[in-house]
Amino acid sequence: MEHRMSYYEKTKKDYENLTPGLKKVAEALLNNPILFATHPAKKIASILDVSETMVIRFSKAVGYEGYGALQSDVQRSLLTVGPPEKEPKKDTHPFSLVMESDSKNILQIAEHLDWATIEKIVHSLAGAETIKVIGYYQSFAYAHWFAVLLNSLLDNTTLYRPETDIGLTKHGAEHCVIIFSYYRYALGTIRLAEEARNNGNEVIIITDSLLSPLIEYADHTLVIPIAKKSVLEKGPVTFSVLNSLLLHIAQKIGKLDFINPTSNYYIK
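The model shown is predicted, which means the values in this text are computed figures rather than measured ones.

Turning our attention to the pairing of strand E4 (residues 202–207). In terms of burial, E4 is largely enclosed, as six of its six residues are buried. Alternating residues of E4 divide into Glu202, Ile204 and Ile206 and Val203, Ile205 and Thr207, and every residue in both groups is buried. One ladder, built from six bridges, connects strand E3 (residues 175–181) with E4; its direction is parallel. From the neighbouring strand, Phe180 faces E4, where its bridge partner is Ile206. For the crossover from E3 across helix H10 (residues 187–198) to E4, the handedness is right-handed.

Counting residues in each nonpolar core, the largest one holds 33 residues, and the members touching the most others are Leu125, Ile131, Phe146 and Ile224. Where this core is concerned, the elements lending two or more residues are helix H8 (115–127), strand E1 (130–135), helix H9 (138–154), E3, E4 and helix H11 (231–252). Those residues within four positions of Ile224 in sequence are excluded, and the remaining contacts are Ile109, Leu113, Tyr182, Ile206, Thr207, Asp208, Val237, Thr238 and Val241.

Enumeration according to the criterion identifies three salt bridges in this entry. Close ionic contact of Lys13 with Asp14 constitutes a salt bridge, the shortest N to O distance being 3.0 Å. For Asp14, a relative accessible area of 15% gives the class buried. Put simply, Asp219 and Arg197 hold a salt bridge, and the shortest N to O gap is 3.3 Å. A residue pair is termed long-range when its members are at least 10 positions apart, and Asp219 in the loop between E4 and strand E5 (220–223) and Arg197 in helix H10 qualify at 22 residues. When its relative accessible area of 37% is taken as the criterion, Asp219 is described as partly exposed.

The next thing to look at is the side chain of Gln71. When you line up the elements, Gln71 lands in helix H6 (residues 67–79). Excluding anything up to four places from it in sequence, Gln71 contacts Phe36, Ala37, Thr38, His39 and Pro40.

Before going further, it helps to examine the sheet that holds E1. Spatially, E2-E1-E3-E4-E5 is the arrangement adopted by the five strands of the open sheet, whose pairing is parallel. The sheet terminates laterally at strand E2 (157–159) and E5, the two strands that pair on one side only. Each strand axis lies, on average, 15° off the axis of its neighbour in the sheet, ignoring direction. Sheet strands in contact with H8 are E1, E3, E4 and E5, and its direction is about 130° off that of E5.

Counting across every chain of the model gives eight aromatic pairs. For the ring pair Tyr183 and Tyr185, a centre distance of 5.8 Å and an interplane angle of 80° mean the geometry is edge-to-face. Above the plane of the ring of Tyr64 lies Lys10, whose end atom (NZ or CZ) is 4.0 Å from the centre.

Attention shifts here to the packing of helix H1 (residues 7–14) against helix H2 (residues 20–31). In the contact formed by H1 and H2, the axes pass within 10 Å of each other and the chain directions differ by 145°. H1 and H2 meet at a crossing whose hand is left-handed. Taking contact as the criterion, the partners of Tyr7, Tyr8, Thr11 and Lys12 in H1 are, on H2, Ala26, Leu29 and Leu30. Considering only residue class, the contact of H1 with H2 consists of five nonpolar, one polar and one charged.

Basis of the calculations
Residues numbered from 1 in each chain as written. Predicted model: local features only at pLDDT ≥ 70, side-chain atom pairs only at ≥ 80, totals over all residues. Heavy atoms only, no water. Buried < 20%, exposed > 50% of the residue type's maximum accessible area, 1.4 Å probe, protein only. Helix = DSSP H or I, 4+ residues; strand = E, 2+ residues; numbered from the N terminus. Pairing = 2+ DSSP bridges. Right-handed = clockwise from strand over helix to strand, strands pointing away. Core = buried A, V, L, I, M, F, W, Y, C linked by side-chain atoms within 4.5 Å. Contact = heavy atoms within 4.5 Å. Salt bridge = Lys/Arg side-chain N within 4 Å of Asp/Glu carboxyl O. Axes fitted to C-alpha atoms, helices over the stretch in contact; angles between N-to-C directions. Phe/Tyr/Trp six-rings, centres within 6.5 Å; stacked < 30°, edge-to-face > 60°. Lys NZ or Arg CZ within 6 Å of the ring centre and 35° of its normal. Left-handed = near helix turned anticlockwise from the far one by under 90°. Nonpolar A, V, L, I, M, F, W, Y, C, P; charged D, E, K, R; others polar.

Function cannot be inferred from these measures alone, as they are strictly geometric.
Now the structure itself:
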């Protein structure tokens, strides 16, 4: 049976031949297909600050008759996790089924991540003088976990504590601020992102959508397209992405022994 190329494969194949304007639309599609699955061309154009004609031209440039055909393909792809599978074994435990679902989500999201941006983030974090990690509400758990492990690698990372900390004190691009912000976006993180930008810090935003209001303050934006996922589904995907970041940072700075067990059973 002949393989039918997905919107993702078509966009990747033709990306280098696109004009800068069309590449902007392509990058948005690759980073956040949910945006294209749920909005008309006019809305996409407004969000990306391009013309509606540009969005339609992009659709045709990658092989579709128009935007409607592109949107239908994106919707179909998002609804299809993978090929039909065998029926689960009758004795499969419900807990195991949840973990299988998490695995599928991770694999599906991995296909749509901007790995070039992730490499830039690894480079920035590995070379920063200090790092402040920020997250409010549900994002605080991701920020806390990442800050603890990143500090064990780099010994220069602290967690922003919303209940006690008041603003950001470091100035200059050598000080990196990384902010987790998922829908609904906390006003506190928006204010801190703006403050970090005004301080001249290097700002990394990890968010779930190109619609995130923090993106305008970012030097690097990592969009994990999980805005439509439930709170419980977001966790495993986010931690998997962070795990990849940590391992690549460890490799870059020559500390891969970080991932190996040690003989120290107690935290000093």
